[in-house]
Every structure is written in structure tokens, then in C-alpha cells.
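# What the coordinates show
Below, each chain spelled out in residue letters.
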Amino acid sequence: MKEFETIKQRFLESLSACKSDAEIADLKAEYLGKTGVLTALMQQMKDLPADEKPKHGAAVNAIKVFIEDEIIRFKEKKYQERLTEKLASEKLDITLPGNQQTPGVRHLLNQIVEEIEDLFVGLGYQVKEGPEIETDENNFEKLNLPADHPARDMQDSFYIDPHTLLRTHTSPVQVRTMIEKGGLEPVKIICPGKVYRRDDDDATHSHQFMQIEGLVVDQNTSMADLKGTLLKMAQAMFGEDRTIRLRPSYFPFTEPSVEVDVSCYQCEGKGCSLCKQTGYIEILGAGMVHPNVLKMSGYDPDKYQGFAFGIGVERIAMLRHGIEDIRHFYTNDHRFLKQFKR
Ligand code: FA5
């Protein structure tokens, strides 16, 4: 019996020194394996007197159960120790302030473009886009602005070569679309996009800005349609109570041409600093498509008429939100941009 106690003590000492599951498995084999300590004890049975055999067998079995239980207990203890250690090392302090996530905001100019697109799509228009690098022919010649025409000075241009330039307005998309339709189908389009001019940057001018062009060509189109359309747009952009005023103007590609003013939404037309005491604010240029322009793009001006208009998107945004400097749109200051959450 004393020997059994010694075996148990030795086993417990070895078990407590085990550092891994592999070492525990080796120790288990050392005691319970085929050539292990307990097998050797069992083999001693044959040399014992018959009356001692049952006692010896029971004692060996008791050690076997003891060893198995101790291994399970030891493993469980080690597992708990490892778990506690892991939990302590991976502890999260959920009271710490989180990382600030700043969601982006759609650029105000894009918001206005989308708003105008939605309005016109609702009126049956298609949205058309054209390239920013344009031919001189589409940007000027086919819009009734031949080379050396004095009106070319109205739009100072960035030329890439003598025949190619950064488009100065979205009007060349008119030309492209009319040519595409082959002079046979009606056209009803809205064309948003970036344009470029060699203007010095200041509070109201930028060398790059956005325009939205509108064009309708059909067989029964009049100035009254143009006026009705622009009134609808002015009211959608500046309020239901707005009225518009057309003033004679000049664009080589429209005849007659007009500047369009909207009644001042700040003073209701009475006169204030925003409208420079006139009661009206200029918002865009427009007119009836010049017969030469229709003809050069394949339409018979005796059968077809059209109207067109061109809006400066920055100007609309500045008016609506009281923005005093156009350069704010292009400096990407998040503090400015995030004010215009839709
Ligand atoms: C045109 O560009 C014509 N294509 C518009 C048009 C289309 C008239 C169809 C008739 C028929 P204009 O040069 O006036 O027109 O420019 C239109 C608008 O663009 C201006 O009212 C203004 O709001 C804006 N704009 C012009 N130059 C600049 C600039 N340098 N920076 C910012 N906005 C500008």
C-alpha cells in the first residue's frame, strides 16, 4: 500500500510539471500504457498469494481511476487558466471613445445637377452627355461661330491643337445629338457637364465650371414653349411664387436670344442688395435655335424649330445658398461641403 501511495505522489508531481497536452499524453502513457507503471503492478498479481490478489487488483484499479480523474482535473484547470489569461489580454474598454466616422456628402453642384435632371426627366427629356475634349467644329463652327467670328471672344478657350479644345460650354452636345438623330427625329435633351474657359479665377468666375444645356427640336416649337419651360424650372429651383422676365440678348446659335431673370426670392421683387435693387436676378441664357445651326446639323429649318438654354450650375448654387465665392466649390474643404447635406 505504501508503494501505491508513492506512485500516486510521483504521478501528481510529474503532472503538475506538465506544460502541454503532449506532455500530459506522454505521462498518461507512462502510467496507464501497455508497458506502463500500472501494467507492471498488475503483472505482480501472479506472484501474490490468492487471498491478497483481490485487494491488490482493487488497489491498482483505484490508482487507475485516480490517475484518469487527476488528468481530467488538471486539463480543465489549465484550460481555465489559459482562458482567464486570454480574456485579460484581450480585454476591451468599451468606455473609450470610438473612431469618428464622417460620412461623405454629395457635392452641392452634383446635387443641383441631379435636381434639375429629375425635373426635366419628369417633363420627358433625355439626359445626354458629351466629351469635355471637343472639336472646334462642334464647339464653335456648327453653332454658327465660324473662325474669326468676333463672338468667339465671348468664350476664351483652352486649345489643345488648332482643331481641338476643352469645350467652353455644353452647347456642342446639342450638335452631337442632332447629327446622331440624322435630322429626322424630334430632340428633347438635357446635357449636364464640366466646361472650361480662360477666365481669371475670382469670386464669380472659374476656369472650370458646370453647365446644363437644354434643347428641344420639333415641328411645332415656339418661344412660348421656351418661356413655359423656363418658368417651370425657375419655380422648381427658387420657389412656386417666382416669375421670370426675358430680356433681349445675343448668342450666335440662337435667334432671337434672351437673358432670363427670375424675380428675387429674397425681397419678392421689391428690390434688395441680392438683386441689386432691380427685383430680378439673372439666371441663364436661352433662345430659339438659329436656322443655320439646325441646317448644319441636318435639320430642315423650314420644317423644324427648336429652343435651347444654358444654365451655370455654380451660379444657381451660389444664389440658392448665399455662397459669396465660387472658389469654395473647388477647394474641397470638408467644412464647407458638409453643410449641404441633402
Ligand atoms: C453660354 O455658355 C451658352 N452656351 C448658353 C446658351 C445655351 C445660350 C443655349 C442660349 C442657348 P454664357 O457664356 O452666358 O452662355 O454662359 C452661361 C452661364 O455659364 C452664365 O450665365 C454663367 O452662369 C456661367 N458662366 C460663364 N462663365 C463662367 C465662369 N468663368 N465661371 C463660372 N460660371 C460661368
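Predicted, not measured: the structure shown is a model, and the values here were computed from it.

### A closer look at the pattern of salt bridges
Across all of its chains, the model carries 18 salt bridges by this definition. One salt bridge connects Asp 261 with Arg 247, and the closest N-O pair in it is separated by 2.7 Å. Highlighted residues: Asp 261 in strand E8 (residues 254-263) and Arg 247 in strand E7 (residues 244-251), separated in sequence by 14 residues. Of the charged contacts, one joins Asp 333 and Arg 335 as a salt bridge, the two residues approaching to 2.7 Å between their closest N and O atoms. Connected through salt bridges with shared partners, the residues Arg 245, Arg 247, Asp 261 and Glu 282 form a single ionic network.

### A short note on the site of the ligand
In the neighbourhood of the ligand, 23 residues make up the surrounding shell, with His 169, Ser 171, Arg 197, Asp 199 and Gln 211 lying closest. Here the ligand loses 89% of its free accessible area of 670 Å² to cover by the protein chains. Looking at the shell around the ligand, the elements with two or more residues in it are strand E6 (208-218), strand E9 (280-289) and strand E10 (305-312). Here the shell around the ligand is built from residues that sort into 7 nonpolar, 12 polar and 4 charged.

### Focus: the sheet that holds E7
Across the sheet, which stays open at both edges, the 7 strands sit in the order E1-E5-E6-E10-E9-E8-E7 with mixed pairing between neighbours. The open sheet has two edge strands, strand E1 (126-127) and E7, and neither has a second partner. Relative to E10, E9 is paired through 5 bridges, and the arrangement is antiparallel. Its bridge partner lying in E10, Gly 285 is registered against Gly 310. The strands touched by helix H5 (residues 108-122) are E1, strand E5 (187-196), E6 and E10; relative to E6, the strand with the most contacts, the crossing angle is about 5 degrees. Sitting on the sheet, helix H10 (residues 313-321) is in contact with E6, E9 and E10, with an inclination near 150 degrees to E9.

### Thoughts on the layout of surface pockets
A volume near 260 Å³ is recorded for the second largest pocket. Taken together, 18 residues line the second largest pocket, and the ones lying closest to its centre are Asn 110, Val 113, Gly 193, Lys 194 and Met 210. For the lining of the second largest pocket, the secondary-structure elements that each account for two or more residues are H5, E5 and E6. Ranked by residue count, the leading element in the lining of the second largest pocket is H5, at 5 residues. Classifying every residue of the lining of the second largest pocket gives 6 nonpolar, 5 polar and 7 charged.

### Some thoughts on the domain arrangement of the protein chain
Once the domains are mapped, the protein chain shows domain 1 (2-90) and domain 2 (108-337). A straight line from the C-alpha centre of domain 1 to that of domain 2 covers 92 Å.

### Observations concerning the nonpolar core
Ranked by size, the top nonpolar core spans 45 residues in total, and within it Ile 116, Ile 283, Leu 284, Phe 309 and Phe 329 carry the most contacts. Every element with two or more residues in this core is listed here: H5, E6, helix H8 (223-238), E8, E9, E10, H10 and helix H11 (334-337). By residue number, the principal contributor to this core is H5, which donates 7 residues. Excluding residues within four positions of it along the chain, Phe 309 makes contact with Phe 120, Ile 190, Ile 212, Glu 213, Gly 214, Leu 226, Leu 230, Leu 284, Gly 285 and Ala 286. Ranked by size, the runner-up nonpolar core spans 21 residues in total, among them Val 173, Cys 191, Val 289 and Val 293.

Cut-offs applied
- Residues numbered from 1 in each chain as written.
- Predicted model: local features only at pLDDT ≥ 70, side-chain atom pairs only at ≥ 80, totals over all residues.
- Heavy atoms only, no water.
- Salt bridge = Lys/Arg side-chain N within 4 Å of Asp/Glu carboxyl O.
- Helix = DSSP H or I, 4+ residues; strand = E, 2+ residues; numbered from the N terminus.
- Near = heavy atom within 4 Å.
- Areas by Shrake-Rupley, 256 points an atom, 1.4 Å probe, with all protein chains shown as cover.
- Nonpolar A, V, L, I, M, F, W, Y, C, P; charged D, E, K, R; others polar.
- Pairing = 2+ DSSP bridges.
- Contact = heavy atoms within 4.5 Å.
- Axes fitted to C-alpha atoms, helices over the stretch in contact; angles between N-to-C directions.
- 1 Å grid on protein atoms, 1.4 Å probe; cavity = no way out; pocket = protein on both sides within 12 Å on 5 of 7 lines; lining within 4 Å.
- Points joined across faces, edges and corners; volume = space filled by probe spheres on them.
- Domains from an automatic or database assignment.
- Core = buried A, V, L, I, M, F, W, Y, C linked by side-chain atoms within 4.5 Å.
- Buried < 20%, exposed > 50% of the residue type's maximum accessible area, 1.4 Å probe, protein only.

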